[in-house]
Amino acid sequence: MPQQTNTTTRASLWPGLLTMILFVLVPYSYAAFTGTPQPETSGLARVHSAAESIYCVKGISPVTSILLIELAVLLIVVLWAWLKQGEPGGKTAVFHQHGWYLFTLALLIAIPFIIAWQTNSSPCTRGKAFFWQSIYIDVFILAILALSYNLMFGFTGVVSFGHAAFFGTGAYAVGLFMKHLEWPWWLAILASLLLGILIALIKGFVGLRIKGLYFALFTLAFAEVFFLLAGNRIMVNITGAEDGFTFTVPDWLNMTKNRLFFYYLTLTFLTLAFITIYRLMHSPTGSVLSALRDNEERAQMIGYNTFHFKLLAIVLAGIMATMAGILRGLALKGASPNVLGLDFTMNPLLMSIVGGVATFSGPVIGAFMLRLTEQLLRDSIITIGTLSLNIGDHWTLILGIIFILSVMAFPHGIVGTWLSKNLHTRNGWITLFQRPKTNKDTFVQSSHPPSSTKHKETS
Amino acid sequence: MTTTFDSSPALRTGALRQSLLISALFVVGLLVINLLFFPVGTVAVVLLSGLYQGMLFFLVAAGMSIVFGLLDVLNLAQGSFFMLGAYAGFAIYGALPEGTPTTVRFVAALVGATLAGGLLGGVVEIALLRPLYVRPIFQIVLTLGLATAIEEIVREIYGPAGLIPIEPPAALDTTFGVFGAQFETYRLFIIVVGFLLMVSVSLLLQRTRLGIIIRAGVQDSEMVEALGINVRRVFTLVFVLGTAVAALGGMTAAPFLGAYPTMGTQFLLTAIIVIVIGGMSSYEGTAIASILVGLTRATAEQLSLQYFNTPILASVSALVFMVIVLLVRPTGLFGRE
Amino acid sequence: MEEKRVVLETRGLSRYFGGLKAVDGIDLRIHEGDLHSIIGPNGAGKTTLFNLLCGVLSPTRGQILLHGQDITGLPPYRLAHLGVGRSFQITNIFPTLSVFENVRLAAQALGRDNFRLFTPVTRLPHYVEKAYAALAETELLELAHVPAQQLSHGDKRRLELAILLAQDLDIWLLDEPTAGLASELVPGFMALVDRMRKAGNKTVVLVEHNMNIVMSLSDRISVMHQGKLLAEGSPQEIARDEAVQAAYLGTMYMDAEQ
């Protein structure tokens, strides 16, 4: 065993290095090709201007800029090594098992520059590329929310209709703390996260006393209380009632000014959320969560205090959803009651289902599909004879129909359907949450033996 | 059979009596609050409007509760049928030729809305819910999507703004005095309709063969299935009846509330609160809880109008009521363990 | 034989459902290493007694003692940690998880790694090995990576045994382990149970309708009737007991034939 651990640790540096190269090389080569000003040629100033040109960050001290770059790179390297850790199969396994994830991440890192190149605009100033960055930021935030929803709904089997309570709390709290208490950004974010945890704990301790659908309805009502309070006239001086409120953020966090930086910031959080869930669901704790979803009574009988595990799932999902909300609040520099409304419960639910409930990449794919489709259809007009229809105006209706169709025809979503085709495990379709044969949703699975067979040989 | 639990008569009557006692105490408590804060005339109006709201909630919740009891499907689109009932009323009012007496229009609208609700309910059950029979959670998720879709379709056709209330028959379009305060006769009509339906559904459940099958199915659907009765068909029937009653409720409310796209969601949320308080699958529970919630809301509304000049407390009070009930009795007032 | 330790004991154990006395004042002493059968006609309260013993239900009155220690009212997951495990009359597994995962989860449950959030399970080989050992014992190795719901009924019943086996428990409560099994599979299955319990010196409490199995395998038999203990003794004593025969052995055979 120890031998194996060594090889995997070494192997796991590769994706990190690759990511680092992409992270740095893509913006640089872009700069080189399009002739944006080259970085200056001395020490600190060089890195500083590199940070400025890579992330288009303005109003940032040189030291912070270095830290930011190093943090971003380090984060990804470390997280990737962490993701890889313990996977049997040596060097090639990284690309076999995580190749598509890696590719997607690389693509997402490069995408602002690809769009800039395609639309012939600059990624750093107002223009088409700038606009699309904001769409992707929205996608990333929704994807984090969907991942969080899927952790509860898909992996743990806890049905909640009140996920908006977390999301909205994040958006509201961070703004209110910064605006009314004038706390610095880091304190406001930290406090909002703590508030999210607190809500998760309340939901858990109070709500988990009640079973199944009662819990779902309890969360629905819980979120509704928040919605009513935030939008009420009594609170007009604090929350701005129905209109919501705006607040100011530090320049470097300002999405209007430093959009590309914000793009990478949300991408980092998305990666973090993804890896957290991936690691969690491959851990002893994660397997207990799946067991809970399958058969809670039995899980109790073999010795699990199921309450603790459900509480854990709710708290983790709560943290992620709150973080998504915080990012949303920061991005829009404001919040209005709609972030607490039913929409932000429906959206992650729909995204999970369209992408694939209880899969890793499903919710992310769902978020991309739905948000980008919405964007692409927004201004398209279909003309049939004399009747012309602006599809964008009817998006919610289309969403509702997609929802119904996907629940009816593709209950396992894109990823789930793909996997069950791929692995010839169609016979389990009748169960509530059919899961793929193993819980890795990489596309190259069939060419690679499932990880646990390895142990059969060793034991 | 002797090893199966929870349904032994002694236990049920004991628990039922206890639940009834709690409900009665609650009503007395509300009454005391009312008398402490308002003059007698206002109290009467508050109680009557509580009853009228409660009846509307009941009309939405009754179907949901029985349907849930039978096959664990929570129909989150039930509010949409309520809303559709109101819009169907408008459509029928508009479709009838000029000069038709209002009473004829009104009755036609009532009947038409009920039929339309039932018909659409049948289509939804057969086309959308039945294929998902094996995945209960997805059925619920589907009804949530359906609710969104219906609301959007209505918005497409009638626009996002509401329609002004339709004209009720002249005989109902008056007010009458109670302890010096005025109360609309039409609201009294809603109370009567609601009460009649409450009693007739209860009779249906208690006295008819279908009712006995439904009650047995709510207790233990597998057992009923084992007796050779097709629970699925009973379920479809109950679903259709439930949506028809909800649509009737919507039409009954239309001369008072008008019709607007979000009324479905609004009534759905309160109906959910009602059935949770009532104990999800208990018919008596739903009936009593709807009145309790109606009274609570009316009292809270009056209180907050008086002190904060906004009706905010009405919605919050119902939610708080539900949370308290769940904390004290996790299965609702009349729920089985 | 006569001086075996009492591992599980009930004192005046009762559970009422409203007016129905499902279990009524049961005094039971189960000795270490015994296979102790509880028999009785349908509705005698055996399943309720089981639910009381494993903590699913809490008793109306009475006590349950494990190794002389009061465990009345403890939740099921605590009992598992104290060494009491249970199989179910209706197959009760994790349907979408693989057979291996079902067993590995059982092995992991009593360990200390349940809250290691980010360690891959593959890095905790202890549980993996235990699971494979249990699967080998129950001859399920070939099916290790099949989702549990795809197993045949007989294999599912063996999976239940594997789950118990992976947990290193002292006491097994088996609620009709052969229920629904084709009759030709029953002897082999029970032989497996017998072999496993003797190998691990397990104490087994068994509820079973098949009288041949009960008579041939049991060390002791308790007979329940309408919530009460009617008789207790060795298989020979029970077979001879006139009260048992007169009261209801006849009805039980009728039940079994249905």
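Everything discussed here concerns the structure shown above.
In this text the structure is predicted, and so the values were computed from the model without any measurement.

Asker: Would you take a moment to explain the overall build of chain B for this structure?
Answerer: Of regular secondary structure, chain B possesses twelve helices and two strands. Helices and strands appear in chain B in the N-to-C order α-α-α-α-α-β-β-α-α-α-α-α-α-α. Here chain B has a C-alpha radius of gyration of 20 Å; the compact-globule value for 337 residues is 20 Å, and the two agree. Across its three principal axes, chain B shows a C-alpha extent of roughly 60 × 50 × 35 Å. Restricting the contact set of chain B to residue pairs at least 6 apart, pairs at least 24 apart contribute 77%. Summing over all exposed atoms, chain B offers an accessible surface of approximately 13900 Å²; the carbon and sulfur share of this is 70%. For chain B, the separation between the mean place of its 15 positive charges and that of its 16 negative charges on side chains is 8 Å.

Asker: What am I meant to see in the sheet that holds strand β2 (residues 20–31) of chain C here?
Answerer: Where strands meet in a sheet, backbone hydrogen bonds hold them as pairs that are either parallel or antiparallel. Residues and elements named next belong to chain C. The four strands lie next to each other as β2-β1-β4-β5, forming an open sheet whose pairing is antiparallel. At either end of the open sheet lies a strand with only one pairing partner, and these are β2 and β5 (69–70). In the sheet, strand β4 (residues 61–66) pairs with β5 via two bridges, with the strands oriented antiparallel. Counted as the bridge partner of L66 is Q69 from β5. With respect to the sheet, helix α1 (residues 46–53) is in contact with β1 (6–17), β2 and β4, its orientation differing from that of β1 by roughly 120 degrees.

Asker: Mind showing me how you'd approach the sheet that holds strand β6 (residues 84–87) of chain C here?
Answerer: All names here are of chain C. As summarised here, the arrangement of the six strands in space is β6-β7-β8-β3-β9-β10, forming an open sheet in which the pairing is mixed. The sheet is open, and its two borders are formed by β6 and β10 (228–233), each paired with just one other strand. Here the strands of the sheet are splayed against their neighbours by 20 degrees on average, with no regard to which way each runs. One ladder, built from five bridges, connects strand β9 (residues 220–225) with β10; its direction is antiparallel. Across the sheet, the residue bridging to S222 is E232, located in β10. On top of the sheet, helix α5 (residues 153–165) reaches β6 and β7 (171–175); it is set at about 175 degrees to β6, its chief contact.

Asker: Looking at this structure, how should I read the packing of α5 of chain C against helix α6 (residues 186–200) of chain C?
Answerer: The description of two helices packed together rests on the angle between their axes and the distance between the axes. Residues and elements named next belong to chain C. Where α5 meets α6, the axes come as close as 11 Å, and the angle between the chain directions of the two elements is 5 degrees. Looking at the two axes, α5 sits roughly parallel to α6. For the pair α5 and α6, the contacting residues are R157, R158, L161 and L165 in the first and F189, L192, V193 and M196 in the second. Residue composition of the contact of α5 with α6, by class: six nonpolar, no polar and two charged.

Asker: Explanation requested: the pattern of salt bridges in the structure shown.
Answerer: In a structure, side chains of opposite charge can pair up when their charged atoms sit close to one another. The full count for this structure, using the stated rule, is 25 salt bridges over all chains. Across the pair E151 of chain B and R155 of chain B runs a salt bridge, and its minimum N-O distance is 3.0 Å. A residue pair is termed a helical-turn pair when its members lie 3 or 4 positions apart in one helix, as E151 of chain B and R155 of chain B do in helix α5 (residues 136–158) at four residues. Assessed through its relative accessible area of 25%, R155 of chain B is described here as partly exposed. Taking the shortest distance from any N to any O, the salt bridge between D175 of chain C and R86 of chain C comes out at 3.2 Å. Within this pair, whereas D175 of chain C is found in strand β7, its partner R86 of chain C is found in strand β6, the two being separated by 89 residues in sequence.

Asker: Could you clarify how one ought to interpret the packing of helix α3 (residues 78–95) of chain B against helix α4 (residues 102–129) of chain B in this entry?
Answerer: All names here are of chain B. Two numbers describe how α3 lies on α4: the axes approach to 8 Å, and their chain directions differ by 135 degrees. By the angle between their axes, α3 is oblique relative to α4. Handedness of the α3/α4 crossing: right-handed. Here α3 contributes F81, L84, G85, A88, G89, I92 and Y93 to the contact with α4, which in turn contributes T102, R105, F106, A108, A109, G112, A113, G117, L120, G121 and V124.

Asker: Can you walk me through the interface of chain A and chain B in this structure?
Answerer: Frequently, the measure chosen for interface size is the accessible area removed from exposure when the parts meet. Of the residues lining the interface, 37 residues belong to chain A; the matching set on chain B comes to 43 residues. Roughly 3700 Å² is buried in total at the junction of chain A and chain B, and carbon and sulfur atoms are behind 83% of that figure. Broken down residue by residue, the surface that chain A buries against chain B is led by Y214, L217 and M408 of chain A, which jointly contribute 17%. Along the contact surface separating chain A from chain B lie one residue pair in polar contact (both at pLDDT 80 or more). Breaking the side of chain A that touches chain B down by element, the ones donating at least two residues are α9 (212–230), α15 (343–355) and α17 (395–409) of chain A. When residues of the side of chain A that touches chain B are assigned to their parent elements, the largest contribution, nine residues, is made by α9 of chain A. In terms of residue class, the side of chain A that touches chain B is made up of 28 nonpolar, five polar and four charged.

Parameters and conventions
- All chains use their own residue numbering, which begins from 1 and follows the written sequence.
- Chain letters and ligand numbers both follow the written order, the letters beginning at A and the numbers at 1.
- Per-residue local features are limited, in this predicted model, to residues with pLDDT of at least 70; the limit for side-chain atom pairs, both in listing and counting, is 80 or more; totals at the level of whole chains, interfaces and linings are taken over all residues.
- The side-chain figures draw on all heavy atoms in the structure; neither hydrogens nor water molecules are used.
- By the criteria applied, helices consist of DSSP H or I runs no shorter than four residues and strands consist of E runs no shorter than two, each listed in order from the N terminus.
- Radius of gyration means the value over C-alpha atoms here, while the globule rule gives 2.2 Å times the residue count to the 0.38 power.
- Only heavy atoms matter for contacts: two residues are in contact if any of them lie within 4.5 Å across the pair.
- Residue exposure ignores everything except the shown protein chains as possible cover, and the areas themselves are Shrake-Rupley values with a 1.4 Å probe.
- Counted charges follow a simple rule, with Lys and Arg positive, Asp and Glu negative, and His plus the chain ends left uncounted.
- Charge positions are represented by NZ for Lys, CZ for Arg, CG for Asp and CD for Glu.
- Two strands are counted as paired when DSSP detects at least two bridges linking them.
- A fitted line through C-alpha atoms serves as each axis, taken over the contacting stretch for helices, and the angle formed by two N-to-C directions is quoted from 0 to 180°.
- Under this scheme an angle from 65 to 115 degrees is roughly perpendicular, one under 35 degrees roughly parallel, and one over 145 degrees roughly antiparallel; angles in between are oblique.
- By the convention adopted, Pro, Cys, Tyr, Trp, Phe, Met, Ile, Leu, Val and Ala count as nonpolar, Lys, Arg, Asp and Glu as charged, and the other residues, Gly among them, as polar.
- Any Lys or Arg side-chain nitrogen located within 4 Å of an Asp or Glu carboxyl oxygen qualifies as a salt bridge.
- Burial classes: relative accessible area under 20% of the type maximum marks a residue as buried, over 50% as exposed, and values in between as partly exposed (1.4 Å probe, protein chains only).
- Should the near helix be turned counterclockwise from the far one by less than a right angle, the crossing is left-handed, whereas a clockwise turn marks it as right-handed.
- Once two parts are brought into contact, the accessible area they lose, counted with a 1.4 Å probe and summed over both, makes up the buried area.
- In protein, a polar contact means a hydrogen-donor-capable atom and an acceptor-capable atom, both N or O and within 3.5 Å, with residues adjacent in sequence counting only if both atoms are side-chain atoms; elsewhere, any N or O pair within 3.5 Å suffices.

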